[in-house]
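# Residue-level structure breakdown
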Amino acid sequence: MTSPPQPSASSYGNLKRNITFPQALGVSFHQIVGGGVVALTGTAIALTGGGAPLAFAIAALAVIVYSLPVATLGSAMPVVGSRYTYAARLLSPSLGFATMWLSVIVTVQLSLMALTAAEYVHALFPEVPERPFALAVVTVFFLANLLGGVFSNRLGILLAFVMIAAFLMYSASGVPQVHWEVLGDIAPNGADDLIAAAAILTFATTGGTVVAELGGEMKRPGRDIPLSIIGGTVIAGLLYVCMAIPSVGVLPVSEVAGRPMSVVAQHLLSPGGFAFFIIGGAVVSVVGHINAQLLASTKPVLAAIGDGWFPRRLGTVNKRFGTPHWLLVVMYGIGVVPILAGFSVATIAKAASIAVSPMLAIMLVASWRLRTRRPDLHAAAPFKLGPALHLSSIVLGIAVLAVQTYFLIIKLTLGSAIALAGWMAVGVVWWMLRRRHVATVLASRDERGAVPVQSH
């Protein structure tokens, strides 16, 4: 059986396969651990009190369940821009365009993350202006990514160690002061609220699958993609549980419900320790997420350019650094325009979060399609699932994603809905303008012969 056609090699031929497993694991970990854990812990405590650590564990387990099928895809078919390529090759080019278009709007969270980091820094140093600092944060990581994936990933590994040290300091300082009887009451408001808390916390635990975007730049993608996805989620889940225990067990529940972890941190830590927790933990988790998102955000668009959805020049890859510099400029623009315009991106970010669920659901379906369309790739993959486990993971995963989406939609404002609808409308218009050209490109490539799938 011939290989399914890949995006045009010229669209990513200068990308360098130099990302190692530790670097890939760092991307996965940083994509998971962002500002959400600092804010959402208080939300979970408000819902389920002493059940917050259990809710984090349930959330991590649920994310692992629906990440397993994506891990099989990454192991069997490591490609550039997985969010586009898997849907386009295994389902249809139009579904590939849809996942790519949804992935681009998620990039607006760069501005939200940068502003969040600026708020934490401003709390410690009131003289630091928030928006200029946020702009500087995005700019620094934009420049780091322009210099190549190896540089930005090494920086990501360093940031991961700093962040883990800060969060473990918080946990270690809090455990001796925990009132353990509080954690025994895991569902004071009922099992429904425990499940609701776990569903909300999946937003702080999802993200590891983004590492599949870098399959074309990894040294051993068939092995490293599944290990990074599952490993990053497990490490983040364990870290979250360790942080949740003192968050709920040190101070009275009424004082921490709905509040950020900084409330407990200020009680536990010395002024110097508190500053390290804020800068090394909360701020580094946010800026590390920015670094990981910039690194992966261009890849689905780059793959789509290879099929003709956008002009080829937009996907030019710098020969020296192996980076798509024009696309990075576009993603940088998406990240800084809301900062420069002076408006809050919280409502837009909420709408952008809704885009993640259909993207992942399409990838789950594509993972099953791989078994039937490319059994040779599936059989040769270093990591694969049995049919029963694979199908049950897909069904359960889609159910979890539906619950996630529900909890986001019920909190969606009219402005968020309009912004999301407007983005999708632009996407539909562009799809209508380009779909015939894409069909011509793909038909021409079929006649010339498919580009082989990359080796494991």
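Residues numbered from 1 in each chain as written. Predicted model: local features only at pLDDT ≥ 70, side-chain atom pairs only at ≥ 80, totals over all residues. Heavy atoms only, no water.

## What to know about the overall build of the protein
- Per the secondary structure count, the protein includes 20 helices and zero strands.
- When the 456 residues of the protein are sorted by exposure, 56% land in the buried category.
- Counting every atom, the protein has about 17300 Å² of accessible surface; 70% of that belongs to carbon and sulfur. (Helix = DSSP H or I, 4+ residues; strand = E, 2+ residues; numbered from the N terminus. Buried < 20%, exposed > 50% of the residue type's maximum accessible area, 1.4 Å probe, protein only. Areas by Shrake-Rupley, 256 points an atom, 1.4 Å probe, with all protein chains shown as cover.)

## Things to note about the nonpolar core
- Formed by 88 residues in total, the largest nonpolar core has its most connected members in Met 100 and Ile 290.
- Broken down by element, this core gets its largest block of residues, 15 residues, from helix H14 (residues 271-306).
- Leaving out residues up to four positions away in the same chain, Ile 290 has contacts with Leu 110, Met 113, Ala 114, Val 137 and Phe 141.
- Core analysis: the next-biggest nonpolar cluster, separate from the first, contains 37 residues, Met 77, Ile 225, Leu 360 and Leu 370 among them. (Core = buried A, V, L, I, M, F, W, Y, C linked by side-chain atoms within 4.5 Å. Contact = heavy atoms within 4.5 Å.)

## A look at the environment of Val 317
- Topologically, Val 317 is positioned in the loop between H14 and helix H15 (325-341).
- Taking C-alpha positions, Val 317 is 9.2 Å from Leu 302, a pair spaced 15 residues apart along the chain.

## A look at the side chain of Lys 299
- Mapped onto the elements, Lys 299 comes out in helix H14.
- Judged by its relative accessible area of 3%, Lys 299 is buried.
- Every residue in contact with Lys 299, bar those within four places of it in the chain, is listed here: Val 80, Gly 81, Glu 213, Leu 214 and Glu 217.

## A closer look at the confidence of the model for the protein
- Within the protein, residue pLDDT values average 81, and 87% of them lie at 70 or more.
- Confidence, expressed as mean pLDDT per element, reaches its minimum in the protein at helix H16 (residues 346-354) with 63 and its maximum at helix H5 (residues 93-106) with 91.
- The model gives residues 1-12 a pLDDT under 50, and that stretch makes 50 contacts with residues more than four places away or in other chains.
- The low-confidence segment residues 449-456, where pLDDT is below 50, has 33 contacts with residues more than four positions distant or belonging to other chains. (pLDDT = per-residue confidence, 0-100.)

## Focus on helix H17 (residues 356-373)
- Helix length check: H17, at 18 residues, gives a terminal C-alpha distance of 25 Å against a target of 26 Å (1.5 Å per residue), a fit within 8%.
- When we look at burial in H17, the residues that qualify are Ser 357, Met 359, Leu 360, Ala 361, Ile 362, Met 363, Leu 364, Ala 366, Ser 367, Leu 370 and Arg 371. (Expected span 1.5 Å × (residues − 1).)

## Topic: the packing of aromatic side chains
- Following the criterion strictly, the structure yields eight aromatic pairs and no others.
- Arranged with centres 5.8 Å apart and planes meeting at 20 degrees, the rings of Phe 310 and Trp 430 form a pair that is stacked. Here Phe 310, found in the loop between H14 and H15, pairs with Trp 430, found in helix H20 (residues 414-448); they are 120 residues apart in sequence, far enough to count as distant.
- Relative accessible area serves as the criterion here: at 13%, Phe 310 is assigned to the buried category.
- Its relative accessible area of 28% is what places Trp 430 among the partly exposed residues. (Phe/Tyr/Trp six-rings, centres within 6.5 Å; stacked < 30°, edge-to-face > 60°.)

## Digging into the packing of helix H6 (residues 109-124) against helix H7 (residues 130-146)
- Running from N to C, H6 and H7 point in directions that differ by 125 degrees, and their axes come no closer than 8 Å. By the angle between their directions, the pair H6 and H7 is classed as oblique. Crossing angle aside, the handedness with which H6 passes H7 is right-handed. Every residue of H7 that contacts H6 at Leu 110, Ala 114, Leu 115, Ala 117, Ala 118, Glu 119, Val 121 and His 122 is listed here: Glu 130, Arg 131, Phe 133, Ala 134 and Val 138.
- For the contact of H6 with H7, the residue count by class is nine nonpolar, one polar and three charged. (Axes fitted to C-alpha atoms, helices over the stretch in contact; angles between N-to-C directions. Parallel < 35°, antiparallel > 145°, perpendicular 65-115°, else oblique. Left-handed = near helix turned anticlockwise from the far one by under 90°. Nonpolar A, V, L, I, M, F, W, Y, C, P; charged D, E, K, R; others polar.)

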